[in-house]
Amino acid sequence: MSEYYNLIQVICGVLAVVFVFLGIFLSVKKLNPEKYETVPLKMTVISTALIIIGLLLYGVVRTCTNLTVVTEEHYDVSTVYLVSLGEVIKMFGFIVFVPLLFKLFKPRTRKPESSSEENPGETE
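Computed from a prediction, not measured in an experiment: that's the story for all the values here.

1. Some points on the overall build of the chain
Consideration 1: Per the secondary structure count, the chain includes 5 helices and 0 strands.
Consideration 2: Sequence-ordered secondary structure for the chain, helices as α and strands as β, is α-α-α-α-α.
Consideration 3: Residues counted as buried form 26% of the 124 residues belonging to the chain.
Consideration 4: The contacts of the chain with a sequence gap of at least 6 include a subset with a gap of at least 24, amounting to 78%.

2. Side note on a nonpolar patch on the surface
Consideration 1: Taken together, the side chains of Phe 94, Phe 97, Leu 100, Leu 101 and Leu 104 present a nonpolar region at the surface, about 550 Å² in accessible area.
Consideration 2: Within the secondary structure, Leu 104 is located in helix H4 (residues 98–104).

3. As for the pattern of salt bridges
Consideration 1: By the definition in use, this model includes 1 salt bridge.
Consideration 2: Notably, a salt bridge pairs Glu 87 with Arg 62, separated by 2.8 Å at the nearest N-O pair. In this pair, Glu 87 sits in helix H3 (residues 77–92) while Arg 62 sits in helix H2 (residues 41–69), placing the two residues 25 residues apart along the sequence.
Consideration 3: Judged by its relative accessible area of 24%, Glu 87 falls in the partly exposed class.

4. Let's talk about the packing of aromatic side chains
Consideration 1: Scanning all chains against the criterion turns up 1 aromatic pair.
Consideration 2: Measuring from ring centre to ring centre gives 5.7 Å for Tyr 58 and Phe 92, while their planes differ by 80°; the resulting arrangement is edge-to-face. In this pair, Tyr 58 sits in helix H2 while Phe 92 sits in helix H3, placing the two residues 34 residues apart along the sequence.
Consideration 3: Of the residues examined, Tyr 58 reaches a relative accessible area of 27% and is grouped as partly exposed.
Consideration 4: Under the relative-accessibility criterion, Phe 92 is labelled partly exposed at 28%.

Reading guide: rules and limits
- Residues numbered from 1 in each chain as written.
- Predicted model: local features only at pLDDT ≥ 70, side-chain atom pairs only at ≥ 80, totals over all residues.
- Heavy atoms only, no water.
- Helix = DSSP H or I, 4+ residues; strand = E, 2+ residues; numbered from the N terminus.
- Buried < 20%, exposed > 50% of the residue type's maximum accessible area, 1.4 Å probe, protein only.
- Contact = heavy atoms within 4.5 Å.
- Patch = residues over 30% accessible without salt bridge, like charges linked within 9 Å, V, L, I, M, F, W, Y side chains within 5 Å.
- Areas by Shrake-Rupley, 256 points an atom, 1.4 Å probe, with all protein chains shown as cover.
- Salt bridge = Lys/Arg side-chain N within 4 Å of Asp/Glu carboxyl O.
- Phe/Tyr/Trp six-rings, centres within 6.5 Å; stacked < 30°, edge-to-face > 60°.

The structure is reproduced here in C-alpha coordinates:
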(Lines give C-alpha, C1' and ligand atoms only; values in the text may rest on other atoms or scores of the structure.)
Protein backbone atom coordinates (compact mmCIF):
# COMPACT_ATOMS: atom_id res chain seq x y z
CA MET A 1 0.00 0.00 0.00
CA SER A 2 2.95 2.28 0.65
CA GLU A 3 3.94 2.27 -3.05
CA TYR A 4 0.49 3.64 -3.92
CA TYR A 5 0.97 6.43 -1.40
CA ASN A 6 4.25 7.33 -3.07
CA LEU A 7 2.63 7.43 -6.51
CA ILE A 8 -0.28 9.53 -5.26
CA GLN A 9 2.19 11.80 -3.49
CA VAL A 10 4.24 12.43 -6.62
CA ILE A 11 1.23 13.05 -8.86
CA CYS A 12 -0.50 15.36 -6.39
CA GLY A 13 2.77 17.15 -5.62
CA VAL A 14 3.39 17.95 -9.28
CA LEU A 15 -0.22 19.05 -9.77
CA ALA A 16 -0.07 21.21 -6.65
CA VAL A 17 3.02 23.02 -7.91
CA VAL A 18 1.43 23.52 -11.34
CA PHE A 19 -1.80 24.96 -9.89
CA VAL A 20 -0.07 27.30 -7.43
CA PHE A 21 2.37 28.68 -9.98
CA LEU A 22 -0.36 28.95 -12.63
CA GLY A 23 -2.47 30.98 -10.22
CA ILE A 24 0.41 33.30 -9.36
CA PHE A 25 1.52 33.55 -13.01
CA LEU A 26 -1.95 34.59 -14.19
CA SER A 27 -2.04 37.41 -11.66
CA VAL A 28 1.46 38.59 -12.47
CA LYS A 29 0.73 38.45 -16.19
CA LYS A 30 -2.19 40.88 -15.80
CA LEU A 31 -0.14 43.19 -13.59
CA ASN A 32 1.28 45.57 -16.19
CA PRO A 33 2.44 48.99 -14.97
CA GLU A 34 2.94 50.25 -18.52
CA LYS A 35 -0.80 50.07 -19.26
CA TYR A 36 -1.71 51.86 -15.99
CA GLU A 37 -4.41 49.31 -15.19
CA THR A 38 -5.11 47.17 -12.14
CA VAL A 39 -5.64 43.40 -12.25
CA PRO A 40 -9.28 42.59 -13.18
CA LEU A 41 -11.48 41.10 -10.47
CA LYS A 42 -12.30 38.03 -12.57
CA MET A 43 -8.60 37.19 -12.95
CA THR A 44 -8.07 37.66 -9.22
CA VAL A 45 -10.86 35.19 -8.42
CA ILE A 46 -9.55 32.64 -10.95
CA SER A 47 -5.99 32.95 -9.62
CA THR A 48 -7.16 32.57 -6.02
CA ALA A 49 -9.21 29.48 -6.93
CA LEU A 50 -6.21 27.89 -8.69
CA ILE A 51 -4.00 28.52 -5.67
CA ILE A 52 -6.62 27.02 -3.32
CA ILE A 53 -6.82 23.92 -5.53
CA GLY A 54 -3.03 23.67 -5.41
CA LEU A 55 -3.03 23.89 -1.61
CA LEU A 56 -5.74 21.22 -1.37
CA LEU A 57 -3.63 18.95 -3.56
CA TYR A 58 -0.62 19.64 -1.36
CA GLY A 59 -2.83 18.61 1.55
CA VAL A 60 -3.15 15.21 -0.15
CA VAL A 61 0.64 15.01 -0.36
CA ARG A 62 0.93 15.72 3.37
CA THR A 63 -1.81 13.18 4.05
CA CYS A 64 0.11 10.44 2.24
CA THR A 65 3.18 11.35 4.26
CA ASN A 66 1.25 11.27 7.54
CA LEU A 67 -0.51 7.99 6.66
CA THR A 68 2.79 6.21 6.31
CA VAL A 69 3.89 7.57 9.69
CA VAL A 70 0.73 6.84 11.71
CA THR A 71 -0.20 3.38 10.46
CA GLU A 72 -0.26 1.88 13.96
CA GLU A 73 -2.92 4.20 15.38
CA HIS A 74 -5.51 3.38 12.66
CA TYR A 75 -6.87 6.88 12.18
CA ASP A 76 -9.56 7.52 9.60
CA VAL A 77 -8.27 8.95 6.30
CA SER A 78 -10.55 12.00 6.55
CA THR A 79 -9.15 12.80 9.99
CA VAL A 80 -5.59 12.57 8.76
CA TYR A 81 -6.48 14.72 5.70
CA LEU A 82 -8.03 17.45 7.86
CA VAL A 83 -5.00 17.52 10.15
CA SER A 84 -2.68 17.62 7.14
CA LEU A 85 -4.74 20.38 5.52
CA GLY A 86 -4.49 22.36 8.74
CA GLU A 87 -0.70 22.02 8.60
CA VAL A 88 -0.66 23.18 4.98
CA ILE A 89 -2.86 26.18 5.71
CA LYS A 90 -0.74 27.10 8.71
CA MET A 91 2.46 26.94 6.66
CA PHE A 92 1.39 28.14 3.19
CA GLY A 93 -2.05 29.74 3.62
CA PHE A 94 -0.71 33.22 3.02
CA ILE A 95 -0.13 32.36 -0.65
CA VAL A 96 -3.89 32.64 -1.21
CA PHE A 97 -3.64 36.40 -0.62
CA VAL A 98 -0.97 37.03 -3.29
CA PRO A 99 -3.51 37.68 -6.13
CA LEU A 100 -5.42 40.01 -3.80
CA LEU A 101 -2.25 41.99 -3.17
CA PHE A 102 -1.70 42.30 -6.92
CA LYS A 103 -5.30 43.49 -7.27
CA LEU A 104 -4.69 46.19 -4.68
CA PHE A 105 -1.59 47.53 -6.45
CA LYS A 106 -2.39 50.83 -8.10
CA PRO A 107 -0.24 52.35 -10.83
CA ARG A 108 1.89 55.14 -9.38
CA THR A 109 1.91 57.38 -12.40
CA ARG A 110 -0.84 58.41 -14.76
CA LYS A 111 -0.97 58.32 -18.52
CA PRO A 112 0.11 61.52 -20.17
CA GLU A 113 -3.14 63.42 -20.70
CA SER A 114 -2.03 65.35 -23.78
CA SER A 115 0.26 64.11 -26.49
CA SER A 116 2.48 66.19 -28.74
CA GLU A 117 0.24 65.47 -31.74
CA GLU A 118 -2.82 67.07 -30.15
CA ASN A 119 -1.05 70.35 -29.31
CA PRO A 120 1.49 71.05 -32.04
CA GLY A 121 1.85 74.71 -31.03
CA GLU A 122 3.29 73.89 -27.62
CA THR A 123 6.32 72.05 -29.01
CA GLU A 124 7.63 74.98 -30.99
